[in-house]
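Letter by letter, the chains look like this.
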Amino acid sequence: MSNLSSAPASGQADRVTAWSLIRPYWVSEERRTAWGLLITIIVMDLLLVGINARLNTWNRDFYNALEGRNVREFPQLMLFFSALAFAFVGISVYNRYLRQMLGFRWRQWLTTRYMQEWLGDGTFYRIERDRLTDNPDQRIAVDLESFANTTLSLTLDLLSTLETLIWFSTVLWSTAGALAVMIGGTPVQIPGYMLWAAIVYAIAGSLLTNKVGHPLVSINYQLQRVEADFRFGLIRLRENAEQIAFYDGMRTEESTAQDLFGRIRENWWRVMKYTRRYSFVLNFYGQIADIFPIVVASPRYFAGLLSFGTLMQIADAFGSVSESLSWFINNYDTLVQWRATVNRLREFKRVMQHPHLKESVSPATEHGGINLHYVDESQLSTHKLTLALPNGETLTSVRDIVVKPGSRWLVRGPSGSGKSTLLRALAGLWPFGEGSIDAPVNARMMFIPQQSYLPVGTLKAGLTYPAAATDFSDEECCEALRVCRLEGYVDRLHESHQWWRILSPGEQQRLAVARVLMHKPDYVFLDEATSALDTENEAHLYRLLTERLPKGAIVSVTHRKPLAQFHQETLDIARAGEHAVAYTRPPST
Ligand SMILES: Nc1ncnc2c1ncn2[C@@H]1O[C@H](COP(=O)(O)OP(=O)(O)OP(=O)(O)O)[C@@H](O)[C@H]1O
């Protein structure tokens, strides 16, 4: 039994945290490789920081050698520098290579999982039907990539930054010495004063940057959304190029595209405004950083307590410490984008985990919704079925029907009365309303809409969809094409095209019927599936269906009177309020 309207354990939905997005990969079946790569990268990072630290002492010796015009030590120092530089280059290159490898593996793992979750159990359909979230394609294609790579680089950079901080803090503490100041006439020693100066300097900068740049988080979230909307708008335009050209709708399309772009522009101005503000802070901070340590250390240098080499070493160490402490400032842009990406993925994950969430609070399902039961019977039946819209408004009530194997049903009714919605409910895609449906548990069902979906690929793949092309022989496909009067395409079975652009609507409808003939479902539901065909071709296809699926039930939604001859039962659907309820009557021509 499946109750489509079953409410989720609400409350759990909001528990999607950044950590719950990060964790799964690191405990997955790929964890060994993942941790192996991560640890190798961290070791390399440590080596790089070690080399930098060694260069810091080299700096002191180098400047002291220069100041003392020590020609003998100079070549040795250059040789040592070359060795360090070579090691640094080699480790850096492979460090980056492995980071890219790990980032991609993580993205690949996430993409596979998200695709499974999105496509599984009709979630993608419910998300679109109820408009639960925007642009899921962007979340899978762009946000996951950015999430994996940015999380990785931020974490690794933070780790090596911490190591740099510890290392160079010790250098600063030990080399700069204590500063003697007079407070209220009493001499006071401040040990490791350069370190304190670096800490105060970095904290002040971080607080200021956060204050100035904070609005960028939500602006970036919006920006990603409007960028995706704009891209989607252009894709729709491209997909419907012919129709737009027929309508001569270029002006309207241009203004729609301009409107969408206008929203990007609006957001972009805001991004620029706040970026300008925080760039001021960042640049002032960067400029002062060059001179600040020398100014602070100069009293001890002028007092002769520091050599020139040590002053340079202190300036270098101060730079490293304040740079490490300014990690937050330096990565503010990236952090802002990362948070926006995480928020988008959290929302997407929440919606995927609970695609029924909106249904459970919809007025249309608060009294139970339509219950779809899978029963061990060969017939399909409805009980006290009322179809409604997601907002609870009643569409129509449907008289109880029993669709037996081999029976032929005609569903009729005015446009918008709810005929397609009834098919959606029978397919388990529409929970809004009341009553129940008993569907045969092992029956194979096929729903054929007016315009059938054709995947990208060969004509054969389109014909055998949703089965794989390899599930049917070429002979079976050719035969199905021929009987549906598509013999002209028999030789093109293995050609790959965007077939929905090549085949005429009528040909696409014939292809859909050929698909049905090959799959031989127990139940076939045709929703205006032959509307693009002439009466003779339409009758030919219906004759084929009834002859070749003698035991299959056929349910047709159509406005075409001549089709009545192929059906024995009729279900008339009435709009709510126009007639009391929907009713059945014998077919009439
Ligand atoms: N996802 C949805 N959200 C809100 N309303 C919807 C949704 N899908 C369909 N509707 C509305 O439900 C009503 C019935 O639609 P349905 O497609 O079932 O009509 P129909 O009888 O098949 O019409 P036609 O004969 O024109 O194809 C329409 O008014 C439609 O706008």
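Residues numbered from 1 in each chain as written. Predicted model: local features only at pLDDT ≥ 70, side-chain atom pairs only at ≥ 80, totals over all residues. Heavy atoms only, no water.

As annotated in an unreviewed UniProt entry, the protein chain carries the name Inner membrane ABC transporter ATP-binding protein YddA and is attributed to Paraburkholderia domus. Comment text from UniProt for the protein chain, heading Subcellular location (unreviewed entry), reads "Cell membrane". (UniProt positions renumbered as here; feature names shortened; annotations may be inferred.)

Engineer: What is the right way to look at unusual backbone geometry in this model?
Structural biologist: Backbone geometry follows two general trends: most residues other than glycine have a negative phi, and most peptide bonds adopt the trans configuration. The amide bond that connects Y465 to the next residue, P466, takes the cis arrangement and shows omega of 10°. Relative to the elements of secondary structure, P466 occurs in the loop between α15 (459-464) and α16 (474-483). The backbone of R485 shows a phi angle near 60°, a positive value even though the residue is not glycine. Mapped onto the elements of the fold, R485 is located in the loop between α16 and β12 (496-497). In this structure R485 comes out as partly exposed when scored by relative accessible area, which is 29%. (Helix = DSSP H or I, 4+ residues; strand = E, 2+ residues; numbered from the N terminus. Buried < 20%, exposed > 50% of the residue type's maximum accessible area, 1.4 Å probe, protein only.)

Engineer: Explain the pairing of strand β14 (residues 553-557) here, please?
Structural biologist: Of all the five residues making up β14, five are buried; the element is thus mostly covered by neighbouring parts of the structure. Across four bridges, strand β8 (residues 408-412) lies against β14 in parallel orientation. Bridge pairing in β14 places W409 opposite V555. With five bridges connecting them, strand β13 (residues 523-527) and β14 associate as parallel partners. Its bridge partner being in β14, Y523 is matched across the sheet by A553. Where the polypeptide runs from β13 across helix α19 (residues 535-548) and back to β14, its parallel neighbour, the crossover connection is right-handed. (Pairing = 2+ DSSP bridges. Right-handed = clockwise from strand over helix to strand, strands pointing away.)

Engineer: Would you mind going over the pattern of salt bridges with me for this structure?
Structural biologist: For side chains of opposite charge, pairing can occur when their charged atoms come near one another. Counted according to the given criterion, the structure contains 18 salt bridges. Here E30 makes a salt bridge to R105, at a shortest N to O gap of 3.7 Å. With E30 in the loop between α1 (18-26) and α2 (31-67) and R105 in helix α3 (residues 73-119), the pair connects residues that are 75 residues apart, well separated along the chain. For E538, the salt bridge identified is with R560, shortest N-O distance 2.8 Å. Within this pair, whereas E538 is found in helix α19, its partner R560 is found in the loop between β14 and β15 (569-572), the two being separated by 22 residues in sequence. A relative accessible area of 27% means that R560 is categorised as partly exposed. Among the charged side chains, a network of salt bridges with common partners joins D45, R99 and D157. (Salt bridge = Lys/Arg side-chain N within 4 Å of Asp/Glu carboxyl O.)

Engineer: Explain the packing of aromatic side chains here, please?
Structural biologist: Applying the stated criterion to the full structure yields 27 aromatic pairs. Aromatic pair W118 and F124: ring centres 6.3 Å apart, planes at 70°, arrangement edge-to-face. With relative accessibility at 18%, the residue W118 sits in the buried group. Grouped by ring-pair contacts, the aromatic residues W58, F62, Y63, F74, F81, Y301, F302 and F308 constitute a single cluster. We note R344 situated over the ring of Y221; from NZ or CZ to the ring centre the distance is 6.0 Å. The ring centre of Y114 lies 4.9 Å from the NZ or CZ of K349, which sits over that ring. (Phe/Tyr/Trp six-rings, centres within 6.5 Å; stacked < 30°, edge-to-face > 60°. Lys NZ or Arg CZ within 6 Å of the ring centre and 35° of its normal.)

Engineer: Can you help me understand the site of the ligand in this one?
Structural biologist: Inspection of the region around the ligand gives 15 residues, with S415, G416, K419, S420 and T421 positioned closest. G416 places a main-chain nitrogen or oxygen 2.9 Å from an oxygen atom of the ligand. At 2.8 Å, a side-chain N or O of S420 approaches an oxygen atom of the ligand. For the ligand, whose accessible area on its own is 640 Å², the fraction buried by protein is 66%. For the shell around the ligand, the leading source of residues is helix α14 (residues 419-426), giving four residues. Here the shell around the ligand is built from residues that sort into five nonpolar, seven polar and three charged. (Near = heavy atom within 4 Å. Polar contact = N/O pair within 3.5 Å; in protein donor to acceptor, adjacent residues only side chain to side chain. Areas by Shrake-Rupley, 256 points an atom, 1.4 Å probe, with all protein chains shown as cover. Nonpolar A, V, L, I, M, F, W, Y, C, P; charged D, E, K, R; others polar.)

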